Every structure is written in structure tokens, then in C-alpha cells.
2 protein chains.
Amino acid sequence: MPTNKSTKVPAAASRITMHDIARRANVSLGTVSHVINGKVSVSDEVRARVQKAIDELGYQPNHLSRALRTNRTNLIGMVIPDITNPFFPSVVRGVEDAAFRANYRLLLCNADNDPAKELAYMNDLSSFMPAGIILIPSDNHKLPTLGQYPLVCIDRQPLGWNGDSVTVENFEGGKTAAAHLAQLGHKQIAIVQGPENVSTVGDRVRGFLKELKRRKITISPEYIQASSFDQEGGYLCAMRLLRLVPRPTAIFAANDLIAVGALQAVKASKLRCPQDVSIIGFDGLSVTDFTEPALTSVVQPSYQLGHAAMRLLLSRIEGDTAPPRHIVLETQLKVRDSAQEPPTTRR
Amino acid sequence: MPTNKSTKVPAAASRITMHDIARRANVSLGTVSHVINGKVSVSDEVRARVQKAIDELGYQPNHLSRALRTNRTNLIGMVIPDITNPFFPSVVRGVEDAAFRANYRLLLCNADNDPAKELAYMNDLSSFMPAGIILIPSDNHKLPTLGQYPLVCIDRQPLGWNGDSVTVENFEGGKTAAAHLAQLGHKQIAIVQGPENVSTVGDRVRGFLKELKRRKITISPEYIQASSFDQEGGYLCAMRLLRLVPRPTAIFAANDLIAVGALQAVKASKLRCPQDVSIIGFDGLSVTDFTEPALTSVVQPSYQLGHAAMRLLLSRIEGDTAPPRHIVLETQLKVRDSAQEPPTTRR
DNA sequence: TTGTAAGCGTTATCAG
DNA sequence: CTGATAACGCTTACAA
């Protein structure tokens, strides 16, 4: 180990600054700035000299000092509930791709499904002077008054939020799922819904029920179970449903993890899916490819969700002051192997 | 729509600064800084006055200007191949949790498995004066000379990299997998390995082969297939293997997605897993819970990988100048249902 | 077309 | 213990 009497880390070799460029190119600091930003015209000769110096010294502008001056960074704050939830990575990717193309960078925060942590992050983010923020709320709690940057909410909507948003047609998606089961001939249909304080869930279930009603299919209260948004919850709720008499011939799960749990419950009950019980999920996670049978599911365009949100945010950043926009993306039924005709009507 | 003659967005209400605090508390700017940073002692009376002003005005320090002065932000740059790959989210989460606790924030970049994009991001990151960088390399390409901040490499190792790193015992993990299959009685064992330019893969396969050799189990070259790191690759390679005579009784897959593909190939070939063909994967992704049968796999501690890397980085940030450290985490065999005795030796 | 200088919000040095 | 003041690296009027 090298002897080092000083307790301090030696100062890192400092970066190349515009001063260095100016000195080497024999021009003033302002001129360097002019060629870099291209807002003020500069003679070709000087421009070339400056450019040469930039290349030779490998100069890279300092985002921070620039931000301090212009009052805005090229940072986009993104606050999500939990990157570990398989629905979110592709949303994040959608945001990042759109951001990267426009030369913005992503400051990612996991609020951990904790509104307090979410708030802490939102406040903290403002210290970075972000160009804008994208939020996937942890639940539908009310948002405190925001800072001075544009904000777009994705997926779930905070209570009373009427700023920009990008969501999917949860209500329509629910209807689609109901129509599919009804068309297959199901009459005994059960629902495993998710947590009540998540706005998307309510919409899905309401759409589902509405479509059933339209088709004069009634569903008694004990056929509706509320679960957490995971596999265990789906398993437990489905177990309860499968013991009912008459046993439901189909189960609508409010998301795919619940659907996977329900599938396991069917198997654990020595029943077959889809021959005895059909299952239909929501989300279109890739895990639905791997189950046996592959899950029929209402697919959300998760990547598009992020991408659209970022594009909307960009327009705000560029000064678009139109009234709040609410972009709603379509869902799509992906028919696979977990739903077919109910046993009684089978030929 | 409101009439708005000006094309410019009205200047946002500017944030509260230290000047505002100073004015309200009737002290100088420097004094405010002193109470905030606590490095210089301040009389209780003045401290209270300043603190009161801070609370009343809801002051939050500006990270950017602070960074400009101190030459360091509380940002951690993290460059990963693709957040959409199910192995990475939990690594990211591990990093973020450790970072958050120490009051650092995460700047996340998807290099998209593209070394050029990776390099671009690494350069760009330095413009934010990050306190440090965590990199999961896209492949084993050589790293260019880095900037002045500490860097920790996770998982895959760049060629010639001898700085700090956190990896898992891929070699040992491979041996474990081999030992498990051998103990079950398998003799006809095949391998579907991943891309050659990813350092982790080679280690897994080498460990696997070494253990087989030690046990005097030979494996002919056509039993080893190279696949991409995904399900399709696994499916195709496994299909080829299953047509060989004698047919392998077990397949070692270099990662879980490959294993899932292999499982589908077994089913498509009208064979049963594990009765006819055993499969063992690597990673311990949650998808292995959902397949039928559930996959036996060598589990990597992905969250720990990120967490340990961030803690190592923190120690560097705080000035630890010890020689490069190479942390190697253990893998663990998770025995589930996809591997059992080969058909011939079954009682 | 080029240069000068003020200022963004902090920290840190040095007098008072 | 408190207060001026320079400096961090950059942008931007404005002057030359």
C-alpha cells in the first residue's frame, strides 16, 4: 500500500473546461460558447480553430454548470412503485428510449409502493432541476402541489389529478375480457380483483361487470374476491372460488400474477385448465408465455405507455401550453390456451 | 383554451435559495451555509433563527450548484444492458436501496447490449460529475480509460478489467449443477450454452465440464450447443439435442430463459420433463416458479449483487484507496421438479 | 463577428 | 462567531 501521509484523496485530474478551449484556440470564453451553442454566428475560421481545440482536448460540456445557468437540466425524473414488478421494466424502457433520443437522461426512483417515499423522492428530484417528471403513482393518494416542472402521470391516476396523463383503456379491457368469456358460453363467471386503492383495478372490474350485465349474465357477490396483486393472493382467492357450488367455469383475474396464482389453484384442486375452468388475465406479462397452458390475457402496451408519456412530457418541456392531455392507449386481447368453452356446452 | 399571446412559458416561480433564508433571518449568506453544513460553529441563537427561516420558507438546497462548487454530486451512474431482461431489475433494486440509504440517487442507462451506446453513456455520465459509476457490461469488450470517479463492474467482466468488481461464482455454480445431475445418475448429459463473448457463460460451462470430468463422465462435442440468451435459442438448440442418438437424459442450460425454451422443446417432442429428460437452469428467475414442472436452477443472488456493488462503491467514494477488490458471491442450487433420475435407472 | 462581464446557488477562505 | 467575497463552468446580454 502506498504511503500516503495526507488523509485526503488527491484531487482528481480536473476536467477540460471551456476556459481551456478558449486559451488553446486563442479566443475568448464567450466565443467558445458561441460556437458550441451555435446561436451566435462565428466566422468559419474561428469556428474551425475552436472545434479543433475541442476535439484535441476531448472537451465535454459540463451539464451541471450549464443547468445552473439556464435553470434546467436534461434530466427526467421518473418515480415508479418498484422496478422489480415485472410490469414496469418495459414502461421504463419506453420512457428511456424516447428520452435518450431527445438527449435527456433518466433519474430513476423506486418509491417502493410507499406514498411517503414517493413524496420524498418527488421533493428531492426538484433539487436537480429536472426538465420534467414522470410518475407512476404507488396508489391513488392525492398529489401535493408540485414544483415548477411539467409532470406526466402514467397508469394509475392520483386522486383529483387533472394534469397530463397516459393510461390504458382498463374499462374497455375489462369489457373485452367479459365478452370473450361470454362468447365462449360461460355463465358461471368469477372475478379475482386487486387492491381497492389502485384506480386501474376498479376500471377493469367495472368494465367487466358492465359487459356481463349487457349480456344478461348475472354474477353473485361471493363470486368476486379481492386479492393482493400477486401470485399468492390469486392462489388463495381462486381456492375459495373453486369450492363454491356451483363452481365457476371461468375466472377473470385483475392482473397476470393473480391469474398465475389462480392457475396453480386450479391444478392444486385436481381440476384442469381450460377444460374444467377457464382463466383470463390482464397485463400480457411475458410470464404468460411460460405457464401451462399459456394464459389468455388482456395485453397492455406497456412500452408504449412509457414512450407516449415521454413524448408528451417532451412537448411540455418545449413549451406546449395546451390544456392537460389525457392519452388513453388501447388494450388487446391475446387469446391463448387458458380459456375455452365451459364443460357443459362442450360438444 | 386560454388566450395566450406570449409564445414563451411564463417564468416558473423560482425556488427558495440561501439568499432568501439569509435575508429573512437577517444574517449573511455565509452564515446560512454554516448552519446548513454544520462545519463551522454558529451561536445557538443565530442557528435557531436560520433554521426557522428554512422551515418557514421550505428551503431545499440546490444539488446542482452545490455540486458545481464541491466538484461532486450525489448521483450514481448505473449502466446496464437492458432493464427489460428479467435478471437485471433486482440488481438495480439492490443498488438503489443501498444508494438511497446513503442519500445517493440513481441515473439509470440502458446500453441496449450495444458497446457503442454503452460508451456514449459512460462519457455522457461524466458530465454530471457523478460520485461513482456502476456498470454491467454488455459483453466482455475492453473498457476505455475511465474518468475520475470510482467504477465498479458487476456480473460480466470487461476484458483486462482489474478494478473493483462484484460477480457470482459461475464456475462453482456450474460444478454444482453437474454434481446434481451426476448424483441423480445421469450419464448422457447435454449443454446449451449462451453467447461466447459473455464471460459468465464460459465460467459456468467450464465448471460444469470440470465436475463431469472429475466424475469420469464424458460428453461428446455434439452434446454442446451454443444458443442466444433467450427462449427461442434454447428451444432450437434443445430440439437438435433431442434428436441425437443416444438421446441425452439431462440438459444443462446456461440460463433460465434457455432452460424454459428447452422445456418447451421437450414437450414439443412429446417427451416428459423430468421423466424422460431432466433440465437444470441458471439464474433463479421468478419465471422458473411458473413453468410446469418448476425449474431446478442454480440461483444467483441478484439483489445482493447490486447491493454489494453499491456498498463497495460507497467505500471508494468515501476515500477507501485499498487495492481493487473482487467480491464473489455464492450461488445456490434450488432443487425443484425439472430434474430427477434418468429413465434407465428408475426403480 | 468577437469580447466582456454579470450571474446561476452554492461552498470555502479569510478578515473582522 | 459572523460576514464579505471569490470561485465552480457555463450562458447571455451587451459593448466593441
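Scoring rules and cut-offs
- Residues numbered from 1 in each chain as written.
- Chains lettered and ligands numbered in written order.
- Predicted model: local features only at pLDDT ≥ 70, side-chain atom pairs only at ≥ 80, totals over all residues.
- Heavy atoms only, no water.
- Pairing = 2+ DSSP bridges.
- Helix = DSSP H or I, 4+ residues; strand = E, 2+ residues; numbered from the N terminus.
- Axes fitted to C-alpha atoms, helices over the stretch in contact; angles between N-to-C directions.
- Domains from an automatic or database assignment.
- Contact = heavy atoms within 4.5 Å.
- Buried area = accessible area lost by both parts, 1.4 Å probe.
- Salt bridge = Lys/Arg side-chain N within 4 Å of Asp/Glu carboxyl O.
- Polar contact = N/O pair within 3.5 Å; in protein donor to acceptor, adjacent residues only side chain to side chain.
- Buried < 20%, exposed > 50% of the residue type's maximum accessible area, 1.4 Å probe, protein only.
- Nonpolar A, V, L, I, M, F, W, Y, C, P; charged D, E, K, R; others polar.
- Near = heavy atom within 4 Å.

1. Observations concerning the sheet that holds strand β2 (residues 105-110) of chain B
So, step 1. Taken in spatial order, the twelve strands of this open sheet run β11(A)-β5(A)-β4(A)-β3(A)-β1(A)-β2(A)-β2(B)-β1(B)-β3(B)-β4(B)-β5(B)-β11(B), and their pairing is mixed. Looking at the sheet topology across the chains shown, the edges are occupied by β11 (326-329) of chain A together with β11 (326-329) of chain B. Across the sheet, the mean angle from the axis of one strand to that of its neighbour is 20°, orientation sign disregarded.
So, step 2. Where strand β1 (residues 75-80) of chain A lies against strand β3 (residues 132-135) of chain A, four bridges are found, and the strand directions are parallel. Across the sheet, residue I76(A) finds its bridge partner in β3(A), namely G132(A).

2. A closer look at the domain arrangement of chain A
Residues and elements named next belong to chain A.
So, step 1. Entries for chain A in the domain assignment read domain 1 (13-61), domain 2 (73-169 + 302-329) and domain 3 (170-300).
So, step 2. The gap between the C-alpha centroids of domain 2 and domain 3 is 29 Å.
So, step 3. Taken residue by residue, the interface counts eleven residues in domain 2 and 13 residues in domain 3.
So, step 4. Overall, the association of domain 2 and domain 3 removes approximately 1,000 Å² of surface from exposure, summing both partners, and the carbon and sulfur fraction of that is 54%.
So, step 5. Our count for the domain 2 to domain 3 interface comes out at zero salt bridges.
So, step 6. Our enumeration of links across domain 2 and domain 3 arrives at five residue pairs in polar contact (both at pLDDT 80 or more).

3. So, the pattern of salt bridges
A pair can form between side chains of opposite charge whenever their charged atoms are brought close.
So, step 1. All chains considered together, the criterion is met by 40 salt bridges over all chains.
So, step 2. Of the charged contacts in the structure, one is a salt bridge between R49(A) and E45(A), with a shortest N-O distance of 3.0 Å. With a gap of four residues between them, R49(A) and E45(A) both fall in helix α3 (residues 44-57), about one helical turn apart.
So, step 3. Residues R214(A) and E211(A) are paired through a salt bridge, measuring 3.1 Å at the closest nitrogen-oxygen approach. Of this pair, R214(A) and E211(A) both sit in helix α8 (residues 199-214), separated by three residues, roughly a single helical turn.
So, step 4. R214(A) sits in the exposed class, given a relative accessible area of 55%.
So, step 5. Via salt bridges that share partners, D82(A), D112(A), R93(B) and D97(B) belong to a single interconnected network.

4. Considering the interface of chain B and chain A
So, step 1. If you look at the interface, chain B gives 53 residues, while chain A gives 53 residues.
So, step 2. In this assembly, chain B packs against chain A so that about 5,000 Å² is buried in total across both faces, 59% of it on carbon and sulfur atoms.
So, step 3. Among the residues chain B hides against chain A, the three largest losses belong to L64(B), R93(B) and F290(B). Together they make up 15% of the total.
So, step 4. Linking chain B with chain A are eight salt bridges.
So, step 5. Salt-bridge contacts for K267(A) lead to E292(B); the nearest nitrogen and oxygen are separated by 2.3 Å.
So, step 6. The interface formed by chain B and chain A contains 20 residue pairs in polar contact (both at pLDDT 80 or more).
So, step 7. At the level of secondary structure, the elements contributing two or more residues to the side of chain B that touches chain A comprise α4 (63-70), α5 (88-101), β2, α6 (115-126) and α10 (256-268) of chain B.
So, step 8. Taken together, the residues of the side of chain B that touches chain A break down into 23 nonpolar, 18 polar and twelve charged.

5. What about the protein's contact with DNA strand D?
So, step 1. Taken together, 25 residues sit near DNA strand D, with M18(A), Y59(A), R69(A), T31(B) and S41(B) positioned nearest.
So, step 2. When atoms of DNA strand D within 4 Å of the protein are sorted by moiety, sugar and phosphate together comprise 69%.
So, step 3. For DNA strand D, a phosphate oxygen lies 3.3 Å from a polar atom in the side chain of N37(A).
So, step 4. Within the side chain of T31(B), one N or O atom sits 2.6 Å away from a phosphate oxygen of DNA strand D.
So, step 5. At the level of elements, α2 (29-37) and α4 (63-70) of chain A together with α2 (29-37) and α4 of chain B are the ones that each hand at least two residues to the surface near DNA strand D.
So, step 6. If you tally residues by element for the surface near DNA strand D, the top one is α2(A), at five residues.
So, step 7. Taken together, the residues of the surface near DNA strand D break down into nine nonpolar, 13 polar and three charged.

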